[in-house]
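The chain contents come next:
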Protein chains: 2
Amino acid sequence: MIEFPHLKIYSGGRAPNPRRVQIFLAEKNITVPTEHLDINKLEQRGEEFKKINPLGRLPVLMLEDGTAISESVAICRYFEEMVPDPALFGRRPEGKAIVEMWQRRVELGFMMPVATAFRHLHPGAAHLESPQIAEWGKVNQPRAREFMEFLDEELAGRDFIAGGEFSIADITTFISYQFLKPARIGYPEDLPNLQRWFQDMSQRPSTLL
Amino acid sequence: MIEFPHLKIYSGGRAPNPRRVQIFLAEKNITVPTEHLDINKLEQRGEEFKKINPLGRLPVLMLEDGTAISESVAICRYFEEMVPDPALFGRRPEGKAIVEMWQRRVELGFMMPVATAFRHLHPGAAHLESPQIAEWGKVNQPRAREFMEFLDEELAGRDFIAGGEFSIADITTFISYQFLKPARIGYPEDLPNLQRWFQDMSQRPSTLL
């Protein structure tokens, strides 16, 4: 276990983005002191927290000198640089570019439509997304499904999203997949490769947390 | 000038994402043989090009072994690794995390609302975004404006988006700013720091291309 006792993470429990960082750190075997804010009470949007992140979003990593790093992937990038092994952003120029490509494909093609469907359709997200536009939410449900079909074809030939090794792109896909239900998008039970990948991911100790 | 004659970029002319890569390469003093597809004819969505990028999007970098890298930032990342100076993704763990944070803040808070307003409101974008949902487009116009106000406050204390050095976050902000007009969002003539930053950016040889 690699400890960073002088850093601090402001997290948001089980929400997808805070979980992205949690899983990433567990894969790296890193621990950082963590404080959980109550996102249901919108603590992250209060005046107190906006001194730390003016955009009012979680998670945030506080460095020892008081520098606050927001955005999940930026926090992951910091720890990738501090603890290079296992490499979760790829190795060498080509591998790093391929991980970045898949990370962004999944964010734009899957995470974003899933989040959009949730935020615009779920009554419990009304405080996060105002106004909710149901038509826009509904357009995004089949887009997420289409992307899963694309992923299923891709995963016919390999074990992980970005190639032969586990990467941050798997984490992003996993937390999005786990959000299908609140987004009211059907689980892809007819897509065998994606199913197999999800089962494999579900058995990693990092995702059981 | 650093030449990569064995690589090839499939680009899309003046569209924002292809331009992101163009400006990045110019800042690095890199040249790569480039073929421009006609995005108005949707050549990037044709069967021929989908063999290169199944998602039908530009730009794409073709490596010598036939590996195709899509997503602008992944292409930029490849060249950052190949030609580290000048560093456009930051230096050292903290600097890299700060650039990643700003890059993502700008993508989510500015580029995305500007692109959404354009795609859902402009008649010329009807072939790109179907269905166009005018209500969603209109919600995004004031969000882009709000983010510009936030940027203006930030730029009171520094020259570049992510700190004291030019980075990819400046490029992302610049191409988004140049897209305000087609997105029917007013130029921020009342925001002096953002104006000053934009004037500085406009005078860089890379952005004149």
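The structure we're discussing is the one just above.
Residues numbered from 1 in each chain as written. Chains lettered and ligands numbered in written order. Predicted model: local features only at pLDDT ≥ 70, side-chain atom pairs only at ≥ 80, totals over all residues.

Caption draft 1: Structural detail: the overall build of chain A. When helices and strands are tallied, chain A shows eight helices and six strands. Starting at the N terminus, the α and β elements of chain A follow one another as β-β-α-β-β-α-β-β-α-α-α-α-α-α. For 209 residues, the compact-globule estimate of 2.2 N^0.38 gives 17 Å, and chain A sits close to it at 17 Å. Considered along the principal axes of its C-alpha atoms, chain A spans approximately 50 × 45 × 30 Å. Out of the 209 residues in chain A, the part that is buried amounts to 44%. Excluding contacts between residues fewer than 6 apart, the proportion of contacts in chain A whose partners are at least 24 apart in sequence is 66%. (Helix = DSSP H or I, 4+ residues; strand = E, 2+ residues; numbered from the N terminus. Rg over C-alpha atoms; globule rule 2.2 N^0.38 Å. Buried ≥ 20, exposed ≤ 12 C-beta atoms within 10 Å, placed from the backbone. Contact = placed C-beta atoms within 7 Å.)

Caption draft 2: Highlighting the nonpolar core. Counting 108 residues, the largest nonpolar core has Phe24(A), Ile69(A), Val114(A), Phe24(B), Ile69(B) and Val114(B) as the members making the most contacts within it. Those residues in contact with Ile69(B) that sit more than four places away from it in its chain are Ala97(A), Ile98(A), Met101(A), Val60(B), Leu61(B), Leu63(B), Ala74(B), Ile75(B) and Tyr78(B). (Core = buried A, V, L, I, M, F, W, Y, C linked by C-beta atoms within 7 Å.)

Caption draft 3: Spotlight on the interface of chain A and chain B. On the side of chain B, 29 residues touch chain A, which itself brings 29 residues to the contact. Of all elements in the fold, only strand S6 (68–70), helix H3 (72–82), helix H4 (92–121) and helix H5 (134–154) of chain A reach the threshold of two or more residues within the side of chain A that touches chain B. With nine residues, the single largest contributor to the side of chain A that touches chain B is H4(A). The class makeup of the residues in the side of chain A that touches chain B is 18 nonpolar, two polar and nine charged. (Nonpolar A, V, L, I, M, F, W, Y, C, P; charged D, E, K, R; others polar.)

Caption draft 4: Quick look at the pairing of strand S2 (residues 8–11) of chain B. All names here are of chain B. Note that S2 and strand S5 (residues 60–62) share three bridges and pair antiparallel. Within the sheet, the bridge partner assigned to Tyr-10 lies in S5 and is Val-60. Relative to strand S4 (residues 34–36), S2 is paired through three bridges, and the arrangement is parallel. By the bridge assignment for S4, Ile-9 is matched with Thr-34. (Pairing = 2+ DSSP bridges.)

Caption draft 5: Structural detail: the sheet that holds S6(A). Residue and element names in this part refer to chain A. Sheet architecture is open: four strands sit in the order S4-S2-S5-S6, paired in mixed fashion. Every interior strand has two partners, whereas the edge strands, strand S4 (34–36) and S6, have only one. Here the average twist between neighbouring strands, direction ignored, is 20 degrees. (Axes fitted to C-alpha atoms, helices over the stretch in contact; angles between N-to-C directions.)

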